[in-house]
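# A look at the structure
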Amino acid sequence: YFCRHGERWELQLKGSGKTPYSRNGDGRAVLRSSVREFLCSEAMHHLGIPTSRAASLVVSDDDVWRDQFYNGNIKKERGAIVLRLAKSWFRIGSLEILAHSGELDLLRRLLDFIIQEHFPSIAMNDSNRYLEFFSTVVSETANLISLWMSVGFAHGVCNTDNFSLLSITIDYGPFGFMDSYDPNFVPNTSDDERRYKIGNQASVGLFNLSKLLQALKPLLDPRQKQLASQILEGYGEHYHSRFTELFKTKLGLLGENENDNYLIAFLLKVSLLC
């Protein structure tokens, strides 16, 4: 942990070698992707989008072998290590894996720790604290993806392990920004099925939140489960409302007009045809 001005940040090294979570990987990172993460995380921060940040980048003497274009042509590249900072590195997958393995005691302890440390508006003695936690994550995830869409940012790998419980942008991999509007834009050359194309990001967010709810259900009573399902159903409205608000701001539209949504959709369609 690193404290500054009363804030606490968790430090993480990317590319420093194998960890218990490396699976079959080598735990290394190449220089080109490390530079991209450093630059993009800083750009996102200054665009006002919640994100992890990069404190430093060190070039490594280690050679790293990578298939850059996933075409079987493996080449030796220069390695690097990025020191990354975030308020928390806990993700949806952090809870999902505990629920899947039936470690409900540990799941409850971890959830209580996350709420106590990062959700100060939720009272720890509130019997509905997990429900309040879920409601906050649903609305903030909708907000984050709306912000991504407002600047044409495609994450590239939107699985539950890359979705922060604090709704910040983490784990920059094969991300990209659209040069021109295209809902089929895919920055990840290995995504042959176009699962994570930019036009799917909101839907993938809903899918990941449904996985979060599935992980929380063992800790909820029947009434809370029903309320949580209703909260999840409201995700689309949260997303649409925030998306509309951001694009109206871009267009300088004031007040409310029933034709605002039509104008936004029309202009996006025109952009697609240009």
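Cut-offs used in this document
- Residues numbered from 1 in each chain as written.
- Predicted model: local features only at pLDDT ≥ 70, side-chain atom pairs only at ≥ 80, totals over all residues.
- Heavy atoms only, no water.
- Domains from an automatic or database assignment.
- Contact = heavy atoms within 4.5 Å.
- Buried area = accessible area lost by both parts, 1.4 Å probe.
- Polar contact = N/O pair within 3.5 Å; in protein donor to acceptor, adjacent residues only side chain to side chain.
- Helix = DSSP H or I, 4+ residues; strand = E, 2+ residues; numbered from the N terminus.
- Nonpolar A, V, L, I, M, F, W, Y, C, P; charged D, E, K, R; others polar.
- Salt bridge = Lys/Arg side-chain N within 4 Å of Asp/Glu carboxyl O.
- Buried < 20%, exposed > 50% of the residue type's maximum accessible area, 1.4 Å probe, protein only.

### Looking at the domain arrangement of the protein
- Split by domain assignment, the protein resolves into domain 1 (8–84) and domain 2 (90–249).
- The gap between the C-alpha centroids of domain 1 and domain 2 is 23 Å.
- Each partner contributes to the interface: domain 1 provides 19 residues, whereas domain 2 provides 19 residues.
- Note on domain 1 versus domain 2: buried area summed over both sides is about 1,500 Å², and carbon and sulfur give 57% of it.
- Counting the contacts that link domain 1 with domain 2 gives nine residue pairs in polar contact (both at pLDDT 80 or more).
- Residue assignment for the side of domain 1 that touches domain 2 shows that the elements contributing at least two residues are strand E2 (7–14) and helix H1 (31–46).
- The biggest single contributor to the side of domain 1 that touches domain 2 is H1, with five residues.
- Split by residue class, the side of domain 1 that touches domain 2 holds seven nonpolar, six polar and six charged.

### Considering the pattern of salt bridges
- Taken as a whole, this structure holds 15 salt bridges when the rule is applied.
- Note that Arg-91 is salt-bridged to Asp-171, the shortest N-O span being 2.5 Å. Placement of Arg-91 in the loop between strand E5 (75–86) and helix H2 (92–100) and of Asp-171 in the loop between strand E6 (153–154) and strand E7 (176–177) is noted, with a sequence separation of 80 residues between them.
- Where Asp-260 meets Lys-248, a salt bridge forms, and the shortest distance between an N and an O atom there is 3.2 Å. Placement of the pair is Asp-260 in helix H8 (residues 260–273) and Lys-248 in helix H7 (residues 235–251), with a sequence separation of 12 residues.
- Of the residues examined, Asp-260 reaches a relative accessible area of 8% and is grouped as buried.
- Given a relative accessible area of 8%, Lys-248 falls into the buried group.

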